[in-house]
Amino acid sequence: MIPPEACTTIEEVRCGIDELDRMIITALGQRFHYVKAVTRFKKTAQEVRADERYQAVLHSRRAWATEVGLNPDVIEAMYRLLITHFIEEEMKLVHRPE
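Quick notes on the rules
- Residues numbered from 1 in each chain as written.
- Predicted model: local features only at pLDDT ≥ 70, side-chain atom pairs only at ≥ 80, totals over all residues.
- Heavy atoms only, no water.
- Axes fitted to C-alpha atoms, helices over the stretch in contact; angles between N-to-C directions.
- Helix = DSSP H or I, 4+ residues; strand = E, 2+ residues; numbered from the N terminus.
- Left-handed = near helix turned anticlockwise from the far one by under 90°.
- Contact = heavy atoms within 4.5 Å.
- Nonpolar A, V, L, I, M, F, W, Y, C, P; charged D, E, K, R; others polar.
- Expected span 1.5 Å × (residues − 1).
- Buried < 20%, exposed > 50% of the residue type's maximum accessible area, 1.4 Å probe, protein only.
- Polar contact = N/O pair within 3.5 Å; in protein donor to acceptor, adjacent residues only side chain to side chain.
- Parallel < 35°, antiparallel > 145°, perpendicular 65-115°, else oblique.

## Quick look at the packing of helix α3 (residues 51-67) against helix α4 (residues 72-94)
Thinking step 1. At a minimum axis distance of 8 Å, the contact between α3 and α4 shows a crossing angle of 145°. At the point where α3 passes α4, the crossing takes the right-handed sense. For the pair α3 and α4, contact is made by Tyr54, Val57, Leu58, Arg61, Arg62, Ala65 and Thr66 and by Pro72, Asp73, Ile75, Glu76, Tyr79, Arg80 and Ile83, respectively.
Thinking step 2. Looking at the contact of α3 with α4, its residues break down into eight nonpolar, one polar and five charged.

## Brief notes about α4
Because an α-helix packs 3.6 residues into every turn, residues spaced three or four apart end up facing the same way.
Thinking step 1. Taking 1.5 Å of rise per residue, the 23 residues of α4 would be expected to cover 33 Å, and the 31 Å separating its terminal C-alpha atoms lies within 8% of that figure.
Thinking step 2. Along α4, the residues classified as buried are Ile75, Glu76, Leu82, Ile83, Phe86, Ile87, Glu89, Glu90, Met91 and Val94.
Thinking step 3. Tucked inside the fold, the buried residues of α4 contact α1 (10-38), α2 (45-49) and α3.
Thinking step 4. One side-chain oxygen at the N-terminal end of α4 lies 2.8 Å from the backbone nitrogen of Asp73; it belongs to Asn71.

## Here's the deal with the environment of Pro3
Thinking step 1. As for its placement among the helices and strands, Pro3 is situated in the segment before α1.
Thinking step 2. Look at Pro3 and you get partly exposed, because its relative accessible area is 39%.
Thinking step 3. For the pair formed by Pro3 and Met23, sequence separation is 20 residues and the distance between their alpha carbons is 15 Å.

## Let's talk about the packing of α1 against α4
Thinking step 1. Taken N-terminus to C-terminus, the directions of α1 and α4 make an angle of 40°; their axes are 9 Å apart at the nearest point. What the angle tells us is that α1 and α4 run oblique. Every pair of crossing elements has a handedness; the one defined by α1 and α4 is right-handed. Residues Leu28, Arg31, Phe32, Val35, Lys36 and Val38 of α1 pack against Tyr79, Leu82, Ile83, Phe86, Glu89, Glu90 and Leu93 of α4.

Okay, here's the thing in structure tokens:
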């Protein structure tokens, strides 16, 4: 991948963005595997929601966003959406018939 500052055409920039987006989506897929794995340790809806963990994740992701110059409000909104989806998926797994 060409570094952004070395790109000489819009196509090179778009190619870099596409490559990064593929990496981000791949990483989210890997994250989902961990989400599914954690259900082995959770038995109740309260454990799935894990309110303290939820708040801690949002707090740390906001800090990480700030460290790299991203808007922490935007990153928090993204993570709220992502975590909400993953909680729904966890609920399906935790409450599946044996």
